[in-house]
Amino acid sequence: MMKKTLLTAVIAAFTLLAASPAQAIDAHDIRWKNHAKMESLAQDAGHYVLVHFWASWCPPCRAEMPEIVAWAKAHPNIVFVPISLDDTKHDAAHFLKANHLTGVPVLMGTVGDATNIGVRALPTTMIIGPKGHVLRIVRGASPWGADTFSNSILESMHKGTTEKD
């Protein structure tokens, strides 16, 4: 419980920094644990990737998760990497199961790694281009079910492919 309270305080403090200029992020530094092994974006090179940092104890994350999962399923050509910052894999898996969010992998990250790559609030979603560059960072819960928001995400990807990396 103490760890969650401290983590909530740290994330709240970083939320104040969310409006500050984005730091240069190397998308290859984004790592997570899948079962017992560490993975990274290297395996998804050449694809658009939606990296979503969330936690089951985070109210905005809980509210947003059904919409972002539906969005990801509607866009199967975009790799969806939902990284939970929960204390345990059980907590994340229990939330997904209880909310009937099927087919969502339970990938685990650490607060330290997330903070090092620019996560300043939960939820945070990073859109990564095929060459591994961060095209856009979305901090806070977003209306993934709204056409205007969805189109803006897709437009970010389109611009990323037409601009020089």
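Residues numbered from 1 in each chain as written. Predicted model: local features only at pLDDT ≥ 70, side-chain atom pairs only at ≥ 80, totals over all residues. Heavy atoms only, no water.

Student: What should I look at first to understand the overall build of the protein chain in this one?
Tutor: Along the backbone of the protein chain there are 5 helices and 7 strands. Order of helices (α) and strands (β) in the protein chain, N terminus to C terminus: α-β-β-β-α-β-α-β-α-β-β-α. Pairs at least 24 residues apart make up 67% of the contacts formed inside the protein chain by residues separated by at least 6 positions. Carbon and sulfur atoms form 59% of the exposed surface of the protein chain, whose accessible area is close to 8700 Å². (Helix = DSSP H or I, 4+ residues; strand = E, 2+ residues; numbered from the N terminus. Contact = heavy atoms within 4.5 Å. Areas by Shrake-Rupley, 256 points an atom, 1.4 Å probe, with all protein chains shown as cover.)

Student: Teacher, can you tell me more about helix α2 (residues 59-74) here?
Tutor: Turn by turn, an α-helix covers 3.6 residues, leaving residues three or four places apart pointing in a common direction. For α2, with 16 residues, the first-to-last C-alpha span of 24 Å sits near the 22 Å given by 1.5 Å per residue. Within α2, the axis deviates most sharply at Met-65, by approximately 40°, and proline Pro-66 lies no more than four positions further along. For α2, the set of buried residues is Cys-61, Glu-64, Met-65, Ile-68, Val-69, Trp-71 and Ala-72. (Expected span 1.5 Å × (residues − 1). Bend = angle between axes of the 7 residues up to and from the residue. Buried < 20%, exposed > 50% of the residue type's maximum accessible area, 1.4 Å probe, protein only.)

Student: Just checking my understanding: could you explain the pairing of strand β3 (residues 49-54) for this structure?
Tutor: Regular strands place side chains that alternate from one sheet face to the opposite one. The buried fraction of β3 amounts to 6 of the 6 residues, a majority that puts the element mostly inside the structure. Covered by surrounding structure in β3 are Val-49, Val-51 and Phe-53 together with Leu-50, His-52 and Trp-54, the residues of both alternating faces. Of the strand pairs in this sheet, β3 and strand β4 (residues 79-84) are connected by 6 bridges, and their pairing is parallel. Considered in β4, the bridge of Phe-53 is made with Ile-83. In this view, the connection linking β3 to its parallel neighbour β4 by way of α2 has right-handed handedness. The pairing of β3 with strand β6 (residues 124-128) spans 5 bridges and is antiparallel. Paired with His-52 across the two strands is Thr-125, which belongs to β6. (Pairing = 2+ DSSP bridges. Right-handed = clockwise from strand over helix to strand, strands pointing away.)

Student: I'm lost on the environment of Pro-105 in this one. Help?
Tutor: Along the chain, Pro-105 falls in the loop between α3 (89-98) and β5 (107-108). Pro-105 sits 71 residues away from Asn-34 along the chain, and the two C-alpha atoms are 8.3 Å apart. In this structure, Pro-105 is in contact with Pro-82 and Leu-96, ignoring residues within four places of it in sequence.

Student: Explanation requested: α3 in the structure shown.
Tutor: Here α3 has its buried residues at Ala-92, Phe-95 and Leu-96. End-on, the buried residues of α3 take up no more than an arc of 95°, which puts them together on one face. Opposite its buried face, α3 presents the exposed residues His-90, His-94 and Lys-97, each directed more than 90 degrees away. Those residues of α3 that are buried lie in contact with β3, α2, β4 and β5. His-100 lies just past α3 and shows a positive phi near 55°. (Arc of directions from axis to C-beta.)

Student: Would you take a moment to explain the side chain of Asp-86 for this structure?
Tutor: Along the chain, Asp-86 turns up in the loop between β4 and α3. The exposure class of Asp-86 is buried, given its relative accessible area of 5%. Of note is the side chain of Asp-86, whose polar atom sits 2.7 Å from the side chain of Ser-84. Here Asp-86 is in contact with Trp-54, Ala-55, Ser-56, Trp-57, Asp-91, Ala-92 and Met-108, once residues within four sequence places are set aside. (Polar contact = N/O pair within 3.5 Å; in protein donor to acceptor, adjacent residues only side chain to side chain.)

Student: Explain the environment of Leu-122 to me, please; I cannot follow it from the model alone.
Tutor: The residue Leu-122 is located in the loop between α4 (111-116) and β6 in this model. Spatially, the C-alpha atom of Leu-122 lies 5.8 Å from that of Trp-54, the residues being 68 residues apart in sequence.

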